[in-house]
Amino acid sequence: MKNVIEVRNLTKAYKELRAVDDLSFEVHEGEILGLLGPNGSGKSTTINCLLSLLQFESGHIRIFGKEMTPDAYDLKAQIGVVFQDVAVFEELTVYDNIDYFCGLYIGDKNTRKAYVRDAIALTGLEEFVKFYPKQLSGGLLRRLNIACGIAHKPKLIFLDEPTVAVDPQSRNNILDGIRILREQGATIVYTTHYMEEVEILCDRIIILDKGRVIASGTNEELKELTDIEEKVTVEVDRISQEQLAQIKALEHVKEVTNSKNVVSIVYREGEDHFGKLLAFLGKEKIRYHKIYSERPTLNDVFLELTGKELRD
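Below is a short write-up of the structure. Remember, predicted model here, so these are calculated numbers, not experimental data.

### Observations regarding the overall build of the protein chain
Secondary structure assignment for the protein chain yields eleven helices and 14 strands. Taken over the C-alpha atoms alone, the protein chain extends approximately 75 × 50 × 35 Å along its principal axes. In the protein chain, which comprises 312 residues, the share counted as buried stands at 45%. For the protein chain, contacts bridging at least 24 residues in sequence account for 67% of all contacts bridging at least 6. Just so you have it, the protein chain exposes about 16,300 Å², and 49% of that area is on carbon and sulfur atoms.

Here it is as structure tokens:
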């Protein structure tokens, strides 16, 4: 499989802090790679190094088979970047913003016009081309930000939290647009804190922490890394601390939590968890309303690998 990005032994330090620590990974052509990690894990530093926006102490970065440097303008012309912070011109309309950013790379007027039209269609902005940014909702601004970043039809696209703080309709539009970009041949590096997006969107996932890769693979491969077999959630009328402790003592139970009489039980392994739990509820005469089971999610894997403590 052809690599679009190759990172070898990348190290970036801020005084005594190693934000990126001997990091190596690849991004394959035509895939959507989810780059995940808690705050301070090194995601932003890694991306800025990949884009040659930061100098680093050691290591090598190759993009499209060539060494990435600050003056590698031939490579940068093939890259699209959409940062989390919206960066558009307030004095330009939607159309003129997209046309301006596209024009940084596409000189031919007819080609640029066609590319701008495609970007507007992809992001669903047809009805807003004459609007100014201050007239747009948060979701529309996000879509404009994406259109500006991908209008020149880059082969490699970095998307940093593109759906943060948007309405469900805009989120669906953005996610559909990302799939279309991949179908059109783009390779995409995607960062987000919304694990459900990564599960449905990304072909492969890399989890960073303390500047290193701590796990990588497909969604299903990562789920195999956790010792969680099943999660059972039950809504009860009331339950005592003693009864919760008794559930925790049941065979194969790893963890029990209770939030407003919604009890979540995490099992390591075993069978017939439902039957044993129902027998316990019946014996203790605990009335319940809903009970359901689910396999571990990517969020479970992420928290198990990176810990549950708060990060700055």
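### As for helix H4 (residues 109-123)
Counted at 1.5 Å a residue, the expected span for H4 with its 15 residues is 21 Å, and the 21 Å between its end C-alpha atoms agrees. Those residues of H4 not exposed but buried are Arg-112, Val-116, Ala-119, Ile-120, Leu-122 and Thr-123. Looking straight down H4, one finds that the buried residues subtend no more than 165° of arc, so they occupy a single side. Opposite its buried face, H4 presents the exposed residues Asn-110 and Lys-113, each directed more than 90 degrees away. The residue sitting at the N-terminus of H4 and contributing the capping side-chain oxygen is Asp-108; that oxygen lies 3.3 Å from the backbone nitrogen of Asn-110.

### Some words on the environment of Arg-204
Take Arg-204: it is sitting in strand S9 (residues 204-209). Classification of Arg-204 as buried rests on a relative accessible area of 16%. Taking C-alpha positions, Arg-204 is 8.9 Å from Leu-35, a pair spaced 169 residues apart along the chain. Only 2.7 Å separates the side chain of Arg-204 from the side chain of Glu-31, close enough to count as a polar contact.

### Description of the pattern of salt bridges
By the definition in use, this model includes 23 salt bridges. Lys-283 is the salt-bridge partner of Glu-284, the closest N and O atoms lying 2.9 Å from each other. Assessed through its relative accessible area of 23%, Glu-284 is described here as partly exposed. For Lys-283, a relative accessible area of 57% corresponds to the exposed category.

### Details of the pairing of strand S10 (residues 212-217)
Put simply, side chains in a regular strand alternate between the two faces of the sheet. Judged from the five bridges that link them, S9 and S10 form a sheet pairing that is antiparallel. By the bridge assignment for S10, Ile-205 is matched with Gly-217. Where S9 folds back on S10, the antiparallel hairpin that results is connected by two residues, among which Lys-210 adopts a positive phi of roughly 55°.

### A look at the sheet that holds S10
With mixed pairing, six strands are arranged side by side in an open sheet as S6-S7-S8-S3-S9-S10. Every interior strand has two partners, whereas the edge strands, strand S6 (79-82) and S10, have only one. Between one strand and the next, the sheet's axes are offset by a mean angle of 15°, whatever the strand orientation. Docked against the sheet, helix H1 (residues 43-50) engages strand S3 (32-36), strand S7 (156-160), strand S8 (187-191) and S9, running at close to 130° with respect to S3.

### Description of the side chain of Lys-43
By secondary structure assignment, the location of Lys-43 is in helix H1. Among buried Asp, Glu, Lys and Arg side chains, Lys-43 stands out as unpaired, with Glu-161 the closest opposite charge at 6.2 Å. Within the structure, the side chain of Lys-43 is placed 2.8 Å from the backbone oxygen of Gly-37, a separation counted as a polar contact.

### Let's talk about the packing of H4 against helix H5 (residues 138-150)
Packing of H4 against H5 leaves a shortest axis separation of 9 Å and a crossing angle of 145°. Crossing of H4 over H5 shows right-handed handedness. Facing H4, whose interface residues are Ala-119, Leu-122 and Thr-123, H5 presents Arg-143, Ile-146, Ala-147 and Ile-150. Its residues assigned to classes, the contact of H4 with H5 shows five nonpolar, one polar and one charged.

### Overview of H1
The element H1 is largely enclosed, with a buried count of six among its eight residues. Turning to H1, its buried residues number three or more, namely Lys-43, Thr-45, Thr-46, Ile-47, Cys-49 and Leu-50. Immediately downstream of H1, the backbone of Ser-52 shows phi near 60°, a positive value.

### Regarding the environment of Ala-121
Within the secondary structure, Ala-121 is located in helix H4. Look at Ala-121 and you get partly exposed, because its relative accessible area is 45%. For the pair formed by Ala-121 and Gly-177, sequence separation is 56 residues and the distance between their alpha carbons is 9.5 Å.

### Considerations on the state of the cysteines
All chains considered together, the criterion is met by zero disulfides. Cys-148 carries a free sulfur, and the closest cysteine sulfur to it, the one in Cys-102, is 9.8 Å from it.

Cut-offs and rules
Residues numbered from 1 in each chain as written. Predicted model: local features only at pLDDT ≥ 70, side-chain atom pairs only at ≥ 80, totals over all residues. Heavy atoms only, no water. Helix = DSSP H or I, 4+ residues; strand = E, 2+ residues; numbered from the N terminus. Buried < 20%, exposed > 50% of the residue type's maximum accessible area, 1.4 Å probe, protein only. Contact = heavy atoms within 4.5 Å. Areas by Shrake-Rupley, 256 points an atom, 1.4 Å probe, with all protein chains shown as cover. Expected span 1.5 Å × (residues − 1). Arc of directions from axis to C-beta. Polar contact = N/O pair within 3.5 Å; in protein donor to acceptor, adjacent residues only side chain to side chain. Salt bridge = Lys/Arg side-chain N within 4 Å of Asp/Glu carboxyl O. Pairing = 2+ DSSP bridges. Axes fitted to C-alpha atoms, helices over the stretch in contact; angles between N-to-C directions. Lys, Arg positive; Asp, Glu negative; His and termini not counted. Left-handed = near helix turned anticlockwise from the far one by under 90°. Nonpolar A, V, L, I, M, F, W, Y, C, P; charged D, E, K, R; others polar. Disulfide = S-S within 2.5 Å.

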